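Structure assessment
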Amino acid sequence: MSNIHPNFIAGDWRNGATSLENRNPSDIDDLIGIYACASEEDVRSACLEAANAQSTWYDAGPQVRSDVLNRVATGIEQRAPEIARMLAREEGKILSEATAETQRAAHVFRFFAGEALRVHGEFIASVRSGVDIEVAREPLGAVGLITPWNFPIAIPAWKVAPALAYGNSVVLKPAELTPGTAHLLARIIADAGVPAGVFNLVMGPGASVGAALVADPNIQAISFTGSVPTGRAISQHSLNGMKKVQLEMGGKNPMVILEDADLSVAVAATLNGSFFSTGQRCTASSRLIVQASIHDAFVEELTRQMLALKVGPALAAESQVGPVVSQAQLDSNLAYVALAAAEGCDVVGGERLDGSGRGYFQRPALFLGATSSMRVCQEEIFGPCASVIRVEDFDEALWVANDTPFGLSAGICTQNLRYAREFRRRVQSGMVMVNLPTAGVDYHVPFGGRKNSSFGPREQGRAAAEFYTSSKTSYLFSG
Ligand code: ADP
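Rules and cut-offs
- For every chain, the first residue of the written sequence is number 1, and numbering continues from 1 along that sequence.
- Predicted model: local features are reported for residues with pLDDT of at least 70 only, side-chain atom pairs are reported and counted for 80 or more only, and whole-chain, interface and lining totals are derived from all residues.
- Heavy atoms throughout the structure, all of them, feed into the side-chain values; hydrogens and water do not.
- Starting at the N terminus, helices and strands are each numbered in turn, a helix being any DSSP run of H or I of at least four residues and a strand any DSSP run of E of at least two.
- Note that the radius of gyration is over C-alpha atoms, with the globule rule given as 2.2 Å times the number of residues to the power 0.38.
- Working definition: with a 1.4 Å probe on protein chains only, accessible area under 20% of the residue-type maximum means buried, over 50% means exposed, and in between means partly exposed.
- Neither His nor the chain ends contribute to the count of charged residues, in which Lys and Arg are positive and Asp and Glu negative.
- Just so you know, the charge point we use is NZ for Lys, CZ for Arg, CG for Asp and CD for Glu.
- In this analysis, strands are considered paired if DSSP registers two or more bridges between them.
- What makes a residue near a molecule or strand is one non-hydrogen atom of that residue sitting within 4 Å of it.
- Whenever a nitrogen or oxygen atom comes within 3.5 Å of another N or O atom, the pair is scored as a polar contact, on the condition that within protein one atom can donate a hydrogen and the other can accept it, and that pairs from neighbouring residues in sequence are kept only if both atoms are in side chains.
- Only the protein chains shown count as covering a residue, and every accessible area follows the Shrake-Rupley method with a 1.4 Å probe.
- Residue-level confidence of the predictor is what pLDDT reports, using numbers from 0 through 100.
- What makes two residues a contact is simply this: any of their non-hydrogen atoms within 4.5 Å.
- Two cysteine sulfur atoms form a disulfide, by the criterion used here, when they sit within 2.5 Å.
- Here, expected helix span is obtained from the residue count minus one, scaled by 1.5 Å.
- One fitted axis covers the seven residues ending at a residue, a second covers the seven starting there, and the bend at that residue is the angle between these axes.
- Think of a 1 Å grid over the protein atoms and nothing else: a 1.4 Å probe that fits but is trapped marks a cavity, an open set flanked by protein within 12 Å on at least five of seven lines marks a pocket, and residues with an atom within 4 Å of a point count as lining.
- Grid points are joined across faces, edges and corners, and a volume is the space filled by probe spheres set on the points.
- Under this grouping Gly is polar, as are all residues other than the nonpolar Ala, Val, Leu, Ile, Met, Phe, Trp, Tyr, Cys and Pro and the charged Asp, Glu, Lys and Arg.
- The term nonpolar core refers to a set of buried residues drawn from Ala, Val, Leu, Ile, Met, Phe, Trp, Tyr and Cys, joined through side-chain atoms within 4.5 Å.
- Domain start and stop positions are those given by an automatic or database domain assignment.
- By definition here, a salt bridge exists when the distance from a side-chain nitrogen of Lys or Arg to a carboxyl oxygen of Asp or Glu is within 4 Å.
- Note on geometry: axes are lines fitted to C-alpha atoms, helical ones only across the stretch in contact, with angles between N-to-C directions running from 0 to 180 degrees.

Right, let's talk about the overall build of the chain for a bit. Along the chain, the regular secondary structure elements total 14 helices and 25 strands. Taking 2.2 N^0.38 as the reference for a compact globule, 479 residues should give roughly 23 Å; the C-alpha atoms of the chain span a radius of gyration of 23 Å, in line with that estimate. Taken over the C-alpha atoms alone, the chain extends approximately 75 × 65 × 40 Å along its principal axes. A burial count over the chain gives 57% of its 479 residues as buried. Counting 40 positive and 49 negative side-chain charges, the chain places the centres of these two groups 4 Å from one another.

A few words on the pairing of strand 5 (residues 27-37). Strand residues, when the strand is regular, have side chains that alternate between the two faces of the sheet. Of the pairings in the sheet, the one linking strand 1 (residues 4-5) to strand 5 comprises two bridges and is parallel in character. Considered in strand 5, the bridge of isoleucine 4 is made with isoleucine 34. Pairing of strand 4 (residues 18-24) with strand 5, which is carried by seven bridges, proceeds in the antiparallel orientation. Each residue of the ladder has a partner; that of leucine 20, found in strand 5, is tyrosine 35.

The next point concerns the site of the ligand. Lining the immediate surroundings of the ligand are 16 residues, of which Thr147, Lys173, Glu176, Ser227 and Thr230 lie closest. Here glutamate 176 contributes a side-chain N or O atom positioned 2.6 Å from an oxygen atom of the ligand. Between alanine 211 and the ligand, the recorded distance is 3.5 Å, taken from a backbone N or O atom to a nitrogen atom. Protein coverage of the free-state accessible area of the ligand, which is 550 Å², stands at 74%.

Scored by pLDDT, the chain comes out at a mean of 97, with 99% of its residues at no less than 70. Looking over the chain, one finds the lowest element-wise mean pLDDT in helix 8 (residues 228-240), namely 95, and the highest in strand 9 (residues 169-173), namely 99.

Let's shift gears to helix 7 (residues 206-215). Every buried residue belonging to helix 7 is among Val209, Gly210, Ala212, Leu213 and Val214, and all of these are buried. Tucked into the core, helix 7 has its buried residues touching helix 1 (40-59), strand 8 (142-146), strand 9, strand 11 (221-225) and helix 8.

For the coordinates displayed, the defined rule picks out zero disulfides. With no disulfide partner, cysteine 377 has as its closest neighbouring cysteine sulfur the one in cysteine 345, 6.3 Å distant. We note that cysteine 385 lacks a disulfide partner, and the nearest cysteine sulfur, in cysteine 345, lies 11 Å from it.

One can expect most non-glycine residues to show negative phi and most peptide bonds to be in trans. Not every positive phi belongs to a glycine, and methionine 242 is a case in point at roughly 55°. Within the fold, methionine 242 resides in the loop between helix 8 and strand 12 (244-248). In this structure, glutamine 460 is a non-glycine residue whose phi angle is positive, near 70°. Mapping glutamine 460 onto the fold places it in the loop between strand 24 (454-455) and helix 14 (464-468). A residue is classified by how much of its surface remains accessible, and glutamine 460, at 1% relative accessible area, is buried.

Turning our attention to helix 10 (residues 292-308). For helix 10, built from 17 residues, the straight-helix expectation of 24 Å at 1.5 Å per residue is met to within 8% by its first-to-last C-alpha distance of 25 Å. Remark: the principal bend of helix 10, roughly 25°, maps to phenylalanine 298. Of the positions making up helix 10, those classed as buried are Ile294, His295, Phe298, Val299, Leu302, Thr303 and Met306. Where helix 10 is buried, its residues meet strand 13 (253-257), helix 9 (263-275), strand 14 (285-291), strand 15 (346-349), strand 18 (365-370) and strand 19 (385-391).

On to empty space enclosed by the protein, then. Under the criterion given, the structure shown has two cavities of 30 Å³ or more. Within this model, the largest cavity holds a volume of roughly 90 Å³. In terms of lining residues, the largest cavity is bounded by 15 residues, among which Gly279, Arg281, Ala284, Ser286 and Phe382 are the most central. Residues of the lining of the largest cavity, tallied by class, amount to five nonpolar, seven polar and three charged. Along the walls of the second largest cavity sit 17 residues, with Pro254, Ala401, Phe406, Gly407 and Gln428 positioned nearest its centre. Breaking the lining of the second largest cavity down by element, the ones donating at least two residues are strand 13, strand 20 (406-407) and strand 21 (409-413). Here the residues of the lining of the second largest cavity sort into six nonpolar, eight polar and three charged.

So, about the nonpolar core. Across soluble globular proteins, you tend to see nonpolar side chains buried next to one another. Val72, Ile76, Phe109, Phe112, Val160, Val170 and Phe199 are the most contacted members of the largest nonpolar core, which totals 69 residues. Here the element with the most residues in this core is helix 5 (residues 154-165); it accounts for nine residues. Mapped onto the domain boundaries, this core takes at least three residues apiece from domain 1 (4-249 + 453-477) and domain 2 (253-434). Dropping the residues within four chain positions of it, valine 72 is found in contact with Phe109, Leu185, Ile188, Ile189 and Ala192. Among the nonpolar cores identified, the runner-up in size contains 27 residues, and Ala365, Ala370, Phe394 and Phe423 belong to it.

This brings us to the side chain of serine 223. Residue placement: serine 223 occurs in strand 11. In terms of polar contacts, serine 223 uses its side chain to reach the side chain of glutamine 246, at 2.7 Å. Once you skip the residues sitting within four places of it in the chain, serine 223 turns out to touch Gly144, Leu145, Ile146, Lys159, Gln246, Glu459, Phe467 and Tyr468.

Moving on, we get to the pattern of salt bridges. Scanning the entire structure with this criterion turns up 16 salt bridges. In this structure, the salt-bridge partner of arginine 110 is glutamate 77, at a minimum N-O distance of 2.7 Å. Taken together, the residues span a long stretch of sequence, with arginine 110 in helix 4 (residues 95-115) and glutamate 77 in helix 2 (residues 62-78) at a distance of 33 residues. With a relative accessible area of 32%, arginine 110 lands in the partly exposed category. A residue is classified by how much of its surface remains accessible, and glutamate 77, at 39% relative accessible area, is partly exposed. Linking arginine 118 and glutamate 115 is a salt bridge whose minimum nitrogen-to-oxygen distance equals 2.9 Å. A relative accessible area of 43% places arginine 118 in the partly exposed class.

Sheet strands associate in pairs through backbone hydrogen bonding, adopting either a parallel or an antiparallel arrangement. Pairing is mixed across the open sheet formed by three strands, whose spatial order is 1-5-4. In this open sheet, the two edge strands, each paired with only one partner strand, are strand 1 and strand 4. On top of the sheet, helix 3 (residues 80-91) reaches strand 4 and strand 5; it is set at about 110° to strand 5, its chief contact. Relative to strand 5, helix 6 (residues 179-191) is tilted by about 50°, and along the sheet it contacts strand 1, strand 4 and strand 5.

The following block contains the structure:
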């Protein structure tokens with residue numbers, strides 16, 4: 001058992017009853033490591049220890065919490081090459097993207113180290129004489145954080161850092177496909193001097209470990225990022241237990257290209273938004289809504305640049321697009337490519353590539369001639385595939401942009417201020433980008449969406465306080 005990477009519970013590194021292999025999607029013969037799976041008893045123990053440790057952590061005060069978070073940021077920076085390599089190896093992001101994600105995680109911890117010192121309340125005069133009212137923000141208690149594989153360090157960072165900053169204790173359940181990066185983060189948090197029980201890591205499958213965390217009575221709130229069906233199930237179970245819940249789920253993000261757009265800006269933003277990170281971002285541009293008069297020029301140039309993208313192993317210096325994360329995801333992507341053809345699209349690219357080694361490589365794909373009601377324009381694919389929908393004018397583009405059950409990020413490329421402003425006001429999404437890719441956001445401002453994309457308060461930036469704290473109104477009469 002000694003070579004199994006253990007869970008972290010109550011300040012101890014503990015092996016689980018079972019374990020899971022972590023394999024490299026660029027080469028499935030590369031076994032990255034074996035990671036412990038938490039048993040139900042392990043999850044119970046982590047949640048109980050977290051609940052017991054929380055008040056000490058809160059009472060330690062903002063300076064202690066800020067110092068610990070700063071040390072975590074420094075730890076991430078110091079170990080950045082190792083973390084980025086692990087991330088690229090287990091998730092398949094190319095090394096430059098993995099390095100940027102790692103730096104982002106350090107920035108997030110640094111930001112919340114500052115926020116720990118800026119917990120504001122309000123003092124309000126009472127309508128009753130001699131009475132003072134104070135509205136304070138307090139931590140929730142022990143919180144459960146469930147994270148996906150596609151940002152294996154950034155998403156744990158943007159949940160763990162605010163949770164700890166505001167005085168909560170944490171049980172983190174990372175995705176079973178990417179435990180390695182979360183494990184390195186847990187080591188750094190442990191080394192930063194967080195008291196025993198305040199931060200816990202439980203690894204393993206969602207259906208057992210994740211579900212046990214959601215059901216645990218010692219957990220006051222659940223923050224989840226992942227798919228819509230899992231999010232829906234988690235919200236129902238959380239509400240049964242009267243837990244506060246925050247969900248970040250899918251997207252079907254539109255990128256509108258108007259006829260007055262700068263073509264090179266539009267193509268660069270689309271290439272990035274649709275295909276970088278193998279399209280495995282909830283903010284990826286998956287519907288390209290293009291005005292008829294610029295359609296052919298845009299499609300020709302985008303196709304040329306897309307087909308020139310080098311798809312290959314995440315750690316190879318020349319790779320621009322890494323592998324798909326798993327066999328199941330690749331099968332799903334290929335099924336959507338076939339569906340696009342069956343629905344009447346002209347498909348460019350999208351085929352499986354052999355690559356070097358045994359990896360899940362797929363050429364990026366464009367589905368030309370798509371219409372908004374097609375399944376490929378309504379369902380999240382989560383791969384390097386984008387549909388192209390031709391529209392006549394701005395009004396039609398806006399209508400199509402809003403014609404999905406999702407509302408995470410939306411983009412428009414135009415040089416016309418009136419259309420840019422109108423799009424910002426009327427598009428139904430939590431984030432809007434003008435002349436920028438739909439993916440790629442700053443770490444210090446709210447992140448989240450509408451409709452099926454998100455539920456509950458926004459994540460990141462100062463907005464995170466809404467989820468990770470509870471307000472208390474206290475009245476004082478001094479006699
Ligand atoms: P994906 O399809 O991208 O893997 P999921 O929603 O299945 O997205 O997974 C996101 C996270 O939710 C992962 O950590 C996964 O283990 C976890 N998870 C999956 N099913 C459940 C569940 N029933 N209860 C709690 N967590 C779950």
